[in-house]
Structure formats: structure tokens, C-alpha cells
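One-letter residues, chain by chain:
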Amino acid sequence: MTVRVRFAPSPTGMFHVGGARSALQNAVFAKQQGGVFVLRIEDTDAARNRPEWTEGILSALEWIGIARDTYEGPLFQSSYHAEHTKAAQQLFDAGKAYYCDCTRDDVQARADNKAGSAKYAGYDGFCRDRGLSAGEGRALRFRTPDEGVTKVVDLIRGEPTFENKLIEDFVIARGDGSPVFLLANVVDDMTMGITHVIRAEEHLPNTPKQQLLWEALGKTPPVWAHVPVVVNEKRQKLSKRRDKVALEMYRDEGYLAAAMRNYLMLLGWAPSGDREIVPWSVIEDEFRLDEVNPSPAFFDEKKLRAFNGEYIRALSVPEFTEACAPWLTGPFPTEQERAERGYGITPPPWSPEAYDPAVFGQVAELVQTRITVLSEVPSYVDFLFLDSPLLDEASWAKASKDAGILPDVIAALRELSSWDAESLKNTLVTVGEAHGLKLGKAQAPVRVAVTGRSVGLPLFESLEVLGRERTLRRLAAAAA
């Protein structure tokens, strides 16, 4: 048997980090088994689907290392409507499904009369034996067994068992004849020959219903594996409305793909030994579904950021410089495009013609050791490509207490014979001592005057790269 797994996202929004984790797990498992990874786009929600979201899924997958030539697809659920309808008819013809004309209010009214309860308790099987045929407004319901249990064999969760009498006769086709997700999902998996379903824990409650459909349609259910739900620091399930969950946002903030996929694979699993940052080849070799922890997995953004910093520092300087390019030179989306998408790299504050790659090359290694995401790069180097620095008023208010040193600093620097970091430092030490200031105090107004901020790259290396003329001009402006 050839192992066939699938990843089945809906093109209704940005790409969720939890979905990215599931995609990676499916891709790794398929590769380990010499199997096939199928990408299926579940696009039957016509009101919410947008073509750009489908392209966003493909782009996001490619970014985390799932290239377009490594999977089968994308296949589109909407293309299999005929198969869905045929399966629904097959179940009806076999007496395993029946038509129902009950509204929710009808069901609720019967529940109220029976128990005096105001709570909807699920469908009561009223139409099971009425012998209704297809008709406008009549939904098709699956006839669940009255007795026994449905056992779901799950590689991660063991064998959760569900009492059949507690599973209501669920709808498999709406009143307009269109199949619902439960049926479409099962039929797609059958049609595409899926052998293993690796997906998020939130789908587990639907699994006994889907397994019953598999069996009713005469097929052997796939092997199930429900990976743990991803939660925030409050142990709440990650929510698009509340949490930063879009993979595209992390990409455009400057997280490296290698760091992101390493971290995502640690959500519920760990490689051997006391280590977390490992080569991808180790993950591909060691990952085991039956070793995944079923407990909720905490998506720790601070830890991810630290991971990313480690990956950035592991790059060679040329690799780092190349990785920085999207934040330095673009191309950049327009403000309108960023607003419509909800994400996008923000252009740096300098004009395109002002950027000099040779200048950046002189400070690249210094920048590399100080950042954790690539979007921080422009704020470290913008003073090199602007006519005047972007002044942080709070930093200047604090540093200007010692700004009286600036006229003497300017005079000393004008006389400096060699414009290099060591000579610049020695000069400032000497001027500072004459004013009774240690180096830390003496350099504070110089740093803010030249770079606009109180924190940044090493000051004297920055002055060396900026050059004598521009440095003196900014010091003079600050002194004035």
C-alpha cells in the first residue's frame, strides 16, 4: 500500500500557523514512508473563498519548504461535486440515510414538550421512518446506529470510543441538495485514496461520524492521527480574532523559514537528546507520529523569536545580507495592498536611490549580532541612508543633559587625522574626561545626535562608516 496523506485548507483567509504545522507533519510523514502528499483546497464556501487566498496557501507552503513539485495538486473540492452527490444518493438507496423536513424550531418544540427544556438537545430521529423522498427544503440525514460504539484508532490518542446512541442522525446534504462538509470530506479522501489523516485535534469530535460514513460507503477508514491543539500563553486555542496566527505576518516580520519550520515541528514533539534547534534532516529522520504529545501545544512567540535570532546568527554574512534584501530594497507592497491583505513588508524611511549596498556591507556583521527578526534591520541602519537621522525625542531629552560636550567634540573631531573607530573612541574619551564624564555619558549625546536613537550599532564603527563630513554636520545641528 502506498501511503497517501493530505493537507486540506480552506482559502478563506490568511494561512494559520497551526495549519502550517499540520502541513509539515503530513509532508514529513509522507516522505518517511515513501508516500504521496496531496494538497486539497476545500473551496466549497463560495461566499468566503478568494483566489488570492489560494495563491497565499501555495506561497506559504513553498516558504516553509513544501515546494510545488513535491505534492500532488492542488486539487479542488468543488471539482468533486458529482462524487459527493453520488455518495449521498448511494447512502439513501441503501437505507442508510433518509430525508427530513424538520426545522430547528420543530425539533426544539418537541424537546420542550418532552422535557420542558429550553436547550436544543440535538435531532430526535423524528423523520427516520416517515419514508420521505427528496424535495425542496428536505435535508438528507445519515442514520446512525442505535446501539454499540464507534472506536477510533488514533496513532496519537489511542482508541477513543464514542457511544453510537449519543451521535445524532447528522445532516449529510442540505435542503438544496448540496453535500455538507462531513460527507464531502470523506468522499474526497476516498476518491483521492487517502490512507492516513493527520490533522488537528479540533476535528476529533467529527471523526466517529466520518468513520461511520466510510463504513457505510463500504470502505476501510484511514489511519487517524489528531495532533494537539495550538494554544496561546493563556492556554486558549489560537484565534484569528485575538492572536497573531497568520504565517504571512511572521514571514513579513522577518522570521526565517528554517527557524519557523523547526519551531512548528516542536509543537507537540521533540527530537532526541536535550536539544531543540536541529537541522531539518534530523527532523525528517526522527519525527514519529506516535511520539507526538496529545496535550495542548503552547505557541510561544518569545521562544520563536529567540529561535529566529539563533538562526540569523548562524548565517554567513553574505547569506545574511541576501536575507535582508526584502526589507532594504523591496519590492514593497503599497499601503493599500498592505491594508487589504492585513500584512506586508513596510518600506524603509529612505528613498530607493539613497541606499548603498556597499555601505550596508560595512555594518552587516554588526547588525546580524543584534537582531532577532529581519524587520529590525532598517531601524539599525536608517541613519546611514538619510540626510538627517530620525530623532527619538525621548532619547534626545535624556541625552541632551550632557550636550554641552558637543562643541568640544566637534572641535576635536575636526582635527582628527585618522577617521577610524579606534581614533574616534580615544578622542571622545579624552573630551569626556575634560568634562568629567565617563565614556558612557560622553557618547550618549553624540549617539543620539548622529543616529537619532540611544540604542543601536557600536557608536564608533557607525561614525567611521558615516564619514567625517556627515558626522560633523549632524553634531553641529544637535549643538545648535
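All chains use their own residue numbering, which begins from 1 and follows the written sequence. Residues qualify for local features only when their pLDDT is at least 70, as the model is predicted, and side-chain atom pairs are given and counted only at 80 or more; totals for whole chains, interfaces and linings, by contrast, use all residues. To get the side-chain values, take all heavy atoms of the structure and skip hydrogens and water.

The next thing to look at is the overall build of the protein. The helix and strand tally for the protein stands at 20 helices and 12 strands. In summary, the protein has a C-alpha radius of gyration of 31 Å against a globular reference of 23 Å for 480 residues, an excess of more than 25%. Seen through its principal axes, the protein has C-alpha atoms that stretch 100 × 50 × 40 Å. Relative accessibility decides the category of a residue: with a 1.4 Å probe and only protein chains considered, values under 20% of the type maximum give buried, values over 50% give exposed, and everything between is partly exposed. When the 480 residues of the protein are sorted by exposure, 49% land in the buried category. Method for areas: the Shrake-Rupley scheme with a 1.4 Å probe, in which residue coverage is limited to the protein chains shown. By element, 50% of the accessible surface of the protein is carried by carbon and sulfur atoms, the whole surface being about 23100 Å². The helix count covers DSSP runs of H or I at least four residues long, the strand count covers runs of E at least two residues long, and both are numbered beginning at the N terminus. Put simply, the radius of gyration uses C-alpha atoms, and a globule should come to 2.2 Å times the residue count raised to 0.38.

This brings us to the pairing of strand 4 (residues 97-100). Neither face of strand 4 is open: one carries Ala 97 and Tyr 99, the other Tyr 98 and Cys 100, and all of them are buried. Judged from the four bridges that link them, strand 4 and strand 5 (residues 139-142) form a sheet pairing that is antiparallel. The residue bridging Tyr 98 from the neighbouring strand is Arg 141, located in strand 5. A pair of strands is treated as paired once DSSP finds two or more bridges between them.

Next up on the list: the packing of helix 1 (residues 17-32) against helix 8 (residues 257-265). Axis separation between helix 1 and helix 8 bottoms out at 9 Å; the angle between their running directions is 85 degrees. Considering their axes alone, helix 1 and helix 8 lie roughly perpendicular with respect to each other. Together, Val 17, Ala 20, Arg 21, Leu 24, Gln 25 and Val 28 of helix 1 and Arg 261, Leu 264 and Met 265 of helix 8 make up the contact between the two elements. Polar here means any residue outside two lists: the nonpolar Ala, Val, Leu, Ile, Met, Phe, Trp, Tyr, Cys and Pro, and the charged Asp, Glu, Lys and Arg; Gly therefore counts as polar. Among the residues forming the contact of helix 1 with helix 8, the class breakdown is six nonpolar, one polar and two charged. A fitted line through C-alpha atoms serves as each axis, taken over the contacting stretch for helices, and the angle formed by two N-to-C directions is quoted from 0 to 180°. Throughout, the term roughly parallel applies to angles under 35 degrees, roughly antiparallel to angles over 145, roughly perpendicular to angles from 65 to 115, and oblique to all others. In what follows, residue pairs with any heavy atoms lying within 4.5 Å of each other are defined as contacts.

Another aspect to go through is unusual backbone geometry. Cis geometry marks the peptide bond from Gly 73 to Pro 74, where omega comes out at 10 degrees. Relative to the elements of secondary structure, Pro 74 occurs in strand 3 (residues 72-76). Here Gly 330 and Pro 331 are connected by a cis peptide whose omega angle stands at 10 degrees. Looking at the element boundaries, Pro 331 is found in the loop between helix 11 (317-328) and helix 12 (335-341). Located in the positive-phi region is Arg 235, a residue other than glycine, with phi close to 60 degrees.

Let us look at the nonpolar core. What tends to happen in soluble globular proteins is that the nonpolar side chains get buried as a cluster. Put simply, a nonpolar core is a bunch of buried Ala, Val, Leu, Ile, Met, Phe, Trp, Tyr and Cys residues held in one set by side-chain atoms that sit within 4.5 Å of each other. Phe 320, Phe 360 and Val 381 are the most contacted members of the largest nonpolar core, which totals 53 residues. A per-element tally of this core places helix 14 (residues 377-385) first, with six residues. Residues in contact with Phe 320, not counting those within four places in the same chain, are Ile 312, Leu 315, Phe 360, Ala 364, Val 367, Gln 368, Ile 371, Leu 374 and Val 377.

Bringing the pairing of strand 2 (residues 36-41) into the picture now. The element strand 2 is extensively covered by neighbouring structure, given that five of its six residues are classed as buried. Across four bridges, the pairing between strand 1 (residues 4-7) and strand 2 is parallel. Each residue of the ladder has a partner; that of Phe 7, found in strand 2, is Leu 39. When the strands point away from the viewer, a crossover counts as right-handed if the route from the first strand across the helix to the second turns clockwise. Chirality of the crossover, the property in question, places the unit of strand 1, helix 1 and strand 2 among those that are right-handed. Two elements, strand 2 and strand 3, share three bridges in a ladder whose sense is parallel. Of the residues in strand 3, the one forming a bridge with Ile 41 is Phe 76.

The next subject is the sheet that holds strand 4. Judged by pairing direction, the sheet is antiparallel, and its three strands sit side by side in the order 4-5-8 without closing on themselves. Strands at the two margins of the open sheet, each flanked by one partner only, are strand 4 and strand 8 (171-173). The average undirected angle you get between the axes of adjacent strands in this sheet is 45 degrees. Along the sheet face, helix 3 (residues 81-93) touches strand 4, strand 5 and strand 8 and points at about 100 degrees away from the line of strand 4.

The residue Asp 154 is located in the loop between strand 6 (149-151) and strand 7 (161-163) in this model. We define a polar contact as two N or O atoms separated by no more than 3.5 Å, with the added condition that, inside protein, one atom must be a possible hydrogen donor and the other a possible acceptor, whereas residues neighbouring each other in sequence contribute only through side-chain atom pairs. Only 2.8 Å separates the side chain of Asp 154 from the backbone nitrogen of Ile 156, close enough to count as a polar contact. At 3.0 Å, the side chain of Asp 154 and the backbone nitrogen of Arg 157 are in polar contact. Residues contacting Asp 154, with those up to four places away along its chain left out, are Pro 160, Leu 204, Trp 224, Ala 225 and His 226.

Orientation of helix 11 relative to helix 14, taken along the N-to-C sense of each, is 80 degrees, at an axis distance of 11 Å. In terms of orientation, helix 11 lies roughly perpendicular with respect to helix 14. Together, Phe 320, Cys 324, Trp 327 and Leu 328 of helix 11 and Val 377, Pro 378 and Val 381 of helix 14 make up the contact between the two elements. Partitioned by chemical class, the residues of the contact of helix 11 with helix 14 number seven nonpolar, no polar and no charged.

Moving on to the environment of Leu 182. Note on placement: Leu 182 falls in helix 5 (residues 181-191). Owing to a relative accessible area of 10%, Leu 182 belongs among the buried residues under this scheme. For the pair Leu 182 and Ile 172, spaced 10 residues apart in sequence, the C-alpha to C-alpha distance is 6.7 Å.

Here a helix's expected span is defined as the number of its residues, less one, multiplied by 1.5 Å. Taking 1.5 Å per residue as the helical rise, helix 1 with its 16 residues ought to reach 22 Å, and the 23 Å between its terminal C-alpha atoms agrees with that figure. Following helix 1 by one or two positions, Gly 34 has its phi on the positive side, about 65 degrees.

Moving on to the pattern of salt bridges. In what follows, salt bridge is the name for a side-chain nitrogen of Lys or Arg lying within 4 Å of a carboxyl oxygen of Asp or Glu. Evaluation of the coordinates by the stated rule reveals 29 salt bridges. Across the salt bridge formed by Asp 101 and Arg 130, the nearest N and O atoms sit 2.8 Å from each other. Residue Asp 101 is located in the loop between strand 4 and helix 4 (104-115), and its partner Arg 130 is located in the loop between helix 4 and strand 5; the two are separated by 29 residues in the primary sequence. Residue classification places Asp 101 among the partly exposed residues on the basis of a relative accessible area of 30%.

On to the packing of aromatic side chains, then. The criterion for an aromatic pair is that two Phe, Tyr or Trp rings (for Trp, the six-membered ring) have centres within 6.5 Å, with stacked assigned to planes under 30 degrees apart, edge-to-face to planes over 60 apart and tilted to the rest. Summed over the entire model, instances satisfying the criterion amount to 12 aromatic pairs. Ring centres of Tyr 250 and Tyr 255 lie 5.4 Å apart, and the angle between their planes is 70 degrees; this geometry places the pair in the edge-to-face category. What makes Tyr 250 buried here is its relative accessible area of 1%. Owing to a relative accessible area of 2%, Tyr 255 belongs among the buried residues under this scheme. The rings of Tyr 250, Tyr 255, Tyr 263, Phe 299 and Phe 307 are connected pair by pair, giving a single aromatic cluster. For a ring to carry a charge above it, either NZ of a lysine or CZ of an arginine must fall within 6 Å of the ring centroid while also lying within 35 degrees of the normal to the ring plane. Stacked on the ring of Tyr 123, the Lys or Arg Arg 141 has its end atom at 3.7 Å from the ring centre. Above the plane of the ring of Trp 280 lies Arg 261, whose end atom (NZ or CZ) is 4.5 Å from the centre.

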